Amino acid sequence: MGHLHAAAATLNPLDPHSLLAGLGALGVFLVLFAETGLLIGFFLPGDSLLFTAGLLCTTGAGSAVHLSLGSVVLAAIAGALLGAQTGYLIGVKAGPALLDRPDRPRMQAAVQRARHALDRYGTGKAIVLARFIPLVRTVLNPLAGTVGVPARSFTLWQAGGGIVWAAGVTLAGYALGSQIPSIDHYLLPIIALVVLLSLIPVGVEVLRSRRTDADVPADVKDLT
């Protein structure tokens, strides 16, 4: 019991290694649930946590942190799927009241852009691709509920995307760890690289959005 209290006291929710050392597979479940289901999860390290967990599944039983691959994958899938479904239900129940705010034009614009993204890419593609984009995977689930994506369709696509994302990133970390002896000695640079790679889709989307805005005539912007 004292060990658990000590681990909790030193737990850093922004540090994948700290989370995994303190909570193990439970930490994976909690972070993925919060990141994909609750709007407070923007800052949580989903991709890097999954990848690090996969790496730590390859360390020896005598290492400071050693995880079971089966437990991690199951926890990751459960957190991703239950989180997304919770976010969707929040959008269905509270989304319209929270987002239908004429007094807040930026929020209204965000809702319209979400509708446009779902219309442009199709429900399935948008929901699946969002899993691999930080920030987007946090907001798309409640927005899907808000804009009226059918529950059956949402559940089907979010489950497929969630399983591929959660299991895929974890297994990628496991595959890398299996090829490099004493992988736990290189955790910090590997985690930093994963974080940088995970931000690439965000940067691409920001640049694309700016180019699109630049191509819209000023008089059209005034109307929107």
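The rules we used
- Residues numbered from 1 in each chain as written.
- Predicted model: local features only at pLDDT ≥ 70, side-chain atom pairs only at ≥ 80, totals over all residues.
- Heavy atoms only, no water.
- Helix = DSSP H or I, 4+ residues; strand = E, 2+ residues; numbered from the N terminus.
- Buried < 20%, exposed > 50% of the residue type's maximum accessible area, 1.4 Å probe, protein only.
- Contact = heavy atoms within 4.5 Å.
- Areas by Shrake-Rupley, 256 points an atom, 1.4 Å probe, with all protein chains shown as cover.
- Salt bridge = Lys/Arg side-chain N within 4 Å of Asp/Glu carboxyl O.
- Core = buried A, V, L, I, M, F, W, Y, C linked by side-chain atoms within 4.5 Å.
- Phe/Tyr/Trp six-rings, centres within 6.5 Å; stacked < 30°, edge-to-face > 60°.
- Axes fitted to C-alpha atoms, helices over the stretch in contact; angles between N-to-C directions.
- Parallel < 35°, antiparallel > 145°, perpendicular 65-115°, else oblique.
- Left-handed = near helix turned anticlockwise from the far one by under 90°.
- Nonpolar A, V, L, I, M, F, W, Y, C, P; charged D, E, K, R; others polar.
- Expected span 1.5 Å × (residues − 1).
- Polar contact = N/O pair within 3.5 Å; in protein donor to acceptor, adjacent residues only side chain to side chain.

In terms of regular secondary structure, the protein is built from 11 helices and zero strands. When the helices and strands of the protein are read in sequence order from the N terminus, they spell out α-α-α-α-α-α-α-α-α-α-α. When each of the 224 residues of the protein is scored for burial, the buried share is 38%. Residue pairs in contact within the protein that sit at least 24 positions apart in sequence constitute 74% of those at least 6 positions apart. Carbon and sulfur atoms make up 67% of the accessible area of the protein, which amounts to about 12300 Å² in all.

The full count for this structure, using the stated rule, is two salt bridges. Residue Arg137 pairs with Glu35 through a salt bridge whose shortest N-O separation is 3.0 Å. Pair noted here: Arg137 is in helix α8 (residues 136-146) and Glu35 is in helix α3 (residues 25-37), with a separation of 102 residues, a long-range link. Classification of Glu35 as buried rests on a relative accessible area of 2%.

Once that is clear, we can look at the nonpolar core. The biggest cluster of nonpolar side chains holds 26 residues, and the ones touching the most others in it are Val28, Leu32 and Leu67. Ranked by size, the runner-up nonpolar core spans 11 residues in total, among them Leu118, Ala126, Ala144 and Val147.

Residues of helix α2 (residues 16-23) that are buried include every one of Pro16, Ser18, Leu19 and Leu20, and no others. Positive phi shows up at Gly24, right after α2, with a value of about 65°.

The next point concerns the packing of aromatic side chains. Tallying each qualifying case throughout the model produces two aromatic pairs. Between Tyr88 and Phe154, the aromatic rings sit 4.4 Å apart at their centres with planes inclined by 15°, giving stacked as the arrangement. With a gap of 66 residues between them, Tyr88 in helix α5 (residues 69-99) and Phe154 in helix α9 (residues 151-179) connect regions that are remote in the sequence.

Where α2 meets helix α4 (residues 46-56), the axes come as close as 9 Å, and the angle between the chain directions of the two elements is 55°. Relative to α4, α2 is oriented oblique. Crossing angle aside, the handedness with which α2 passes α4 is right-handed. Across the interface between the two elements, Pro16, His17, Leu19 and Leu20 of α2 pack against Ser48, Leu49, Thr52, Ala53 and Leu56 of α4. A per-class count over the contact of α2 with α4 returns six nonpolar, three polar and no charged.

Turning our eyes to something else, we now look at the environment of Phe132. Relative to the helices and strands, Phe132 resides in the loop between α7 (123-130) and α8. Given the relative accessible area of 36%, Phe132 is considered partly exposed. Residues Phe132 and Gly46 lie 86 residues apart in sequence; the distance between their C-alpha atoms is 9.6 Å.

In this section: α9. The end-to-end C-alpha distance of α9 is 42 Å, a good match for the 42 Å that 29 residues give at a rise of 1.5 Å each. Within the span of α9, buried status applies to Phe154, Gln158, Ala159, Gly161, Gly162, Trp165, Ala166, Ala167, Val169, Thr170, Gly173 and Gly177.

Before going further, it helps to examine the side chain of Thr138. Note that Thr138 resides in helix α8. Only 2.8 Å separates the side chain of Thr138 from the backbone oxygen of Glu35, close enough to count as a polar contact.

By the element assignment, Ser48 lies in helix α4. Ser48 sits in the buried class, given a relative accessible area of 6%. Ser48 sits 122 residues away from Thr170 along the chain, and the two C-alpha atoms are 9.3 Å apart.

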